[in-house]
Structures are given as C-alpha cells and as structure tokens.
Amino acid sequence: MNGSRVLVLNSGSSSVKYQLLDMADGSRPASGIVERIGEGPVADHAAALKQVADELAAKDLGLDSPELAAVGHRVVHGGTRFTEPTLITDEVVEEIEKLIPLAPLHNPANVTGIKVARSLRPDLPQVAVFDTAFHSTIPEAAARYAIDVATADRWGVRRYGFHGTSHAYVSRATAELLGKEPAELNTIVLHLGNGASASAVRGGVCVETSMGLTPLEGLVMGTRSGDIDPAAIFHLSRVGGMSTDEIDTLLNKRSGLAGLCGDNDMREIGRRMGEGDRAAQLAFDIYIHRLRKYVGAYTAVLGRVDAIAFTAGVGENSAAVREAAMRGLTAFGIEVDGVRNALRSATARLISTETSRVAVAVVPTDEELEIASQTFDLVSA
Ligand code: AMP
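Residues numbered from 1 in each chain as written. Predicted model: local features only at pLDDT ≥ 70, side-chain atom pairs only at ≥ 80, totals over all residues. Heavy atoms only, no water.

An unreviewed UniProt entry lists the chain under the name Acetate kinase, with Streptomyces endocoffeicus as the source organism.

So, on to the site of the ligand. Within the structure, the ligand sits among G193, N194, N264, D265, M266, R267, A312, G313, V314, N317 and S318. Separating an oxygen atom of the ligand from a backbone N or O atom of N194 is a distance of 2.9 Å. Between the ligand and G313 there is a distance of 2.9 Å, counted from an oxygen atom to a backbone nitrogen or oxygen. Across the complex, the protein chains shield 69% of the 510 Å² of accessible surface that the ligand would expose by itself. Going through the elements one at a time, α10 (266–274) and α12 (312–317) are the ones with two or more residues in the shell around the ligand. Here the shell around the ligand takes four residues from α12, the largest share from any one element. Looking at the shell around the ligand, its residues break down into three nonpolar, six polar and two charged. (Near = heavy atom within 4 Å. Polar contact = N/O pair within 3.5 Å; in protein donor to acceptor, adjacent residues only side chain to side chain. Areas by Shrake-Rupley, 256 points an atom, 1.4 Å probe, with all protein chains shown as cover. Helix = DSSP H or I, 4+ residues; strand = E, 2+ residues; numbered from the N terminus. Nonpolar A, V, L, I, M, F, W, Y, C, P; charged D, E, K, R; others polar.)

Here the focus is the UniProt feature "active site" (unreviewed entry) in the chain. Here, the residues flagged by UniProt with the feature "active site" (unreviewed entry) are D131. Note on placement: D131 falls in the loop between β6 (126–130) and α4 (140–143). Judged by its relative accessible area of 2%, D131 falls in the buried class. In this view, D131 contacts R74, V75, V76, G161, F162, H163, G164 and T165; residues no more than four positions away in its chain are not counted. Side-chain polar atoms of D131 contact the side chain of R74, separated by 2.7 Å. (UniProt positions renumbered as here; feature names shortened; annotations may be inferred. Buried < 20%, exposed > 50% of the residue type's maximum accessible area, 1.4 Å probe, protein only. Contact = heavy atoms within 4.5 Å.)

Next up on the list: the sheet that holds strand β5 (residues 86–87). With respect to topology, six strands assemble into an open sheet ordered β3-β2-β1-β4-β6-β5, the strand pairing being mixed. Each of the sheet's edge strands pairs with one partner strand only, and the pair in question is β3 (30–34) and β5. Bridge count between strand β1 (residues 5–11) and strand β4 (residues 68–75): five bridges; the pairing is parallel. By the bridge assignment, V6 is partnered in β4 with A70. Seen against the sheet, helix α15 (residues 367–380) touches β1, β2 (16–22), β4, β5 and β6 and runs at an angle of roughly 125° to β4. (Pairing = 2+ DSSP bridges. Axes fitted to C-alpha atoms, helices over the stretch in contact; angles between N-to-C directions.)

Turning our eyes to something else, we now look at the nonpolar core. Counting residues in each nonpolar core, the largest one holds 42 residues, and the members touching the most others are L190, L192, Y287, I308, V321 and M326. Looking at this core, the elements with two or more residues in it are β7 (186–192), β8 (196–202), α9 (256–261), α10, α11 (278–302), β10 (307–311), α13 (319–326) and β12 (359–362). Top element by residues in this core is α11. It accounts for ten residues. L7, A30, L49 and A53 belong to the second largest nonpolar core, which has 21 residues in total. (Core = buried A, V, L, I, M, F, W, Y, C linked by side-chain atoms within 4.5 Å.)

What follows deals with the packing of aromatic side chains. Applying the stated rule across the entire model yields two aromatic pairs. Their ring planes at 5° and their centres at 4.6 Å tell us that F82 and F130 sit as a pair that is stacked. Taken together, the residues span a long stretch of sequence, with F82 in the loop between β4 and β5 and F130 in strand β6 at a distance of 48 residues. For the ring pair Y294 and Y298, a centre distance of 5.6 Å and an interplane angle of 90° mean the geometry is edge-to-face. Residue Y294 and its partner Y298 are located together in helix α11, separated by four residues, close to a single helical turn. A single burial state applies to Y294 and to Y298, both of which are buried. (Phe/Tyr/Trp six-rings, centres within 6.5 Å; stacked < 30°, edge-to-face > 60°.)

Right, dumping it as structure tokens:
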C-alpha cells in the first residue's frame, strides 16, 4: 500500500455523502454531498457516485489518485454475519445483499455505492464498516426479544442496534477526554440526532443499546416514535384499517417530535417553547421523559457509571435538552454545571461540576474519521 488517503462513502436512501481523509496528517482535502437522488438531475445512486468521482477528479483528487489507499463504505446492517470492518470481495457484496430484507431502505443504497466504486477502481482495497458492528458484543440476555425462539431465529428478529460507529468513536473519545483507557470506564452514550439512540458501554465493550431489529426502537426521535406497545400496530390495522406500509410510514416518518408537534428540529421546538407553545412543550417533555428512563435503565445495567456522553446534532448543541435530561439526578451522582453546559464549543468538553461523581461530557461525533481509521487500519495491517 502506498497512499495515506481514505475516501469515506456514505450512500443513504436519497443522498451520498463523501469525505476524503488523509491519515498521515489528519487533513480532509475534500468532502461533499449529492442530494435528492431520484428527484432531479441525479437519476439514481450510480449517477450520484459518478458525480462524486467527477467532483473529486476536478480537484485532482480522483479515484485514480496514487495517494488513495482505500475506500471505506458505511453499511447500515451487518446482521449477525459482520461484526468487524470487512475487506470487500464479490462474496462480501453478495452477503450484504442477502441482508437487504433486514434493512430495505438502507442496504440497497450501500450495495450500489460499493458496486459503483469497485467498478471505477477494481484494484483498490475497499472496506465495509457496519453500523451494527459495535453492538455485536451485546449479551444474549439484552439482544434477544422474549418471543418464540424458533420464529425469532428463522426471521432474524433480535436487537442489532445502529449508530455503532458513532457509539464506538464517542465512547473512546470520552475515555480520552478523561485521560483514561476505555477498559477503565463505564459509559452511557446518548447519540441524539434526527435519529437517536443510547448505548451502555462497559470497559469499552457495548453491552446494551436502544435501537433494535431496525432503527425504530428506543428513544423519541425527529420523526420516529421509538418504543411503542407492539399491539398498537394490530389495533391500527384491525380497528383503524391501516395497511402495514401506512403504519410503517406513520411510525418512521410521521411520529417522534414531528408527529407530536409538527417540527422535528430541536431549534424550532425551543423557539416555540419560548413563545409558550403547548404542543412544542409537550413534545419536548415526552422526548426528555424517554431519555431519562433510558439513563436510569442503563445505570442499572452498568451498575457503576463513570461517564455520560452527549453527541450528535441535538446532544452537541442543545443545552436545554442536556439540562432537562440530567436535572435532579444528584442521587445518581450526576451534577451538571449550568455555566459549562451553556458554553458552545466544537471540541469535547466536560459539563459536570467538579464534585459530580459521574463525568458528564459533550463529545462531538465523527463517523467519517472512525470509518476512515477502521478502513486504514485494516488495509495497512
Ligand atoms: P444529526 O442527525 O446528528 O445531524 O442532528 C440533526 C438535528 O440536530 C436537527 O434535526 C436538530 O434537531 C438538531 N440540532 C442541530 N443544531 C442544533 C442547535 N443549534 N440546537 C438544537 N438542536 C440542534
């Protein structure tokens, strides 16, 4: 291997994000996003990937550049098959395709991204980094749902968890912030973006997470319900006459903050709350209530909590969410400093008081860097 650069590709359902990272000096020579795939000039994912290649070539950073060591692909679902970053071969592509029923919205786009990138540079090592991988260590007692075992196993119904790249990066970065080894630390990571998930990490190893078979379970999110009695689905079907697809859309796209108050952006909700808007206030209260339940549950799961880390769009930027989530938890050893919490910064920082037994931190996530590092480590091994 010659080059020191890794191109990270994140092919989502309607967009392709890319970032070129230089692992030798930490620089990021290029990044961008191709959006609205299928809606306008960008007909499909293949066209989007071609556009990414063209944008890079225009900057003399094309896929044929000798400095490029590898491409790292974010892949959403690795099932139980993929628990590590994996060098992509024809067989690996086939296996990721077999996982499409588990992630019908995400894995097809990921596969197309891989295929196009491989066709453009067949000789270049390409690595798949799975969003589920960090959660593969969750013990059976936490990963299994309490349903008939044979049915669950036949259809792959279990907790996989998502946002794993972020939970891995943030739990490690939290240890670094505290000057500890990951093995010394029990951490609750709260990834609060438009999608949101919590994880419990014991000594650097994930032992529980809030998303499940799909990213729908757990916390209240921008447009997803999170936890709900599964019998609500039968009720909406039998009594409400809704189809499976309609209920899927309801719970994934018309629920969460958006479903509760019409807005999924926490900035807008904060603004409306300031004007005394009751729907926005209730949406916020429901969001916080769920979050606190998970903090309590994961405290019991871990037994001893050393750190709580807030990350992603809401976690990094909303002092109001952090304050409300951590309020009145002194009995748990959690004390947030109001002044520290209100400060804005792009780097990892502590927001707990000097006397707080649990360190509370804001730790900006960096999924691209994590994917690039895992990719580079694998191809340079
Ligand atoms: P992400 O999915 O991590 O990109 O997070 C996106 C979400 O972060 C948005 O939908 C907003 O709800 C939230 N967000 C971004 N900036 C802010 C901010 N300054 N204050 C509060 N929430 C924010």
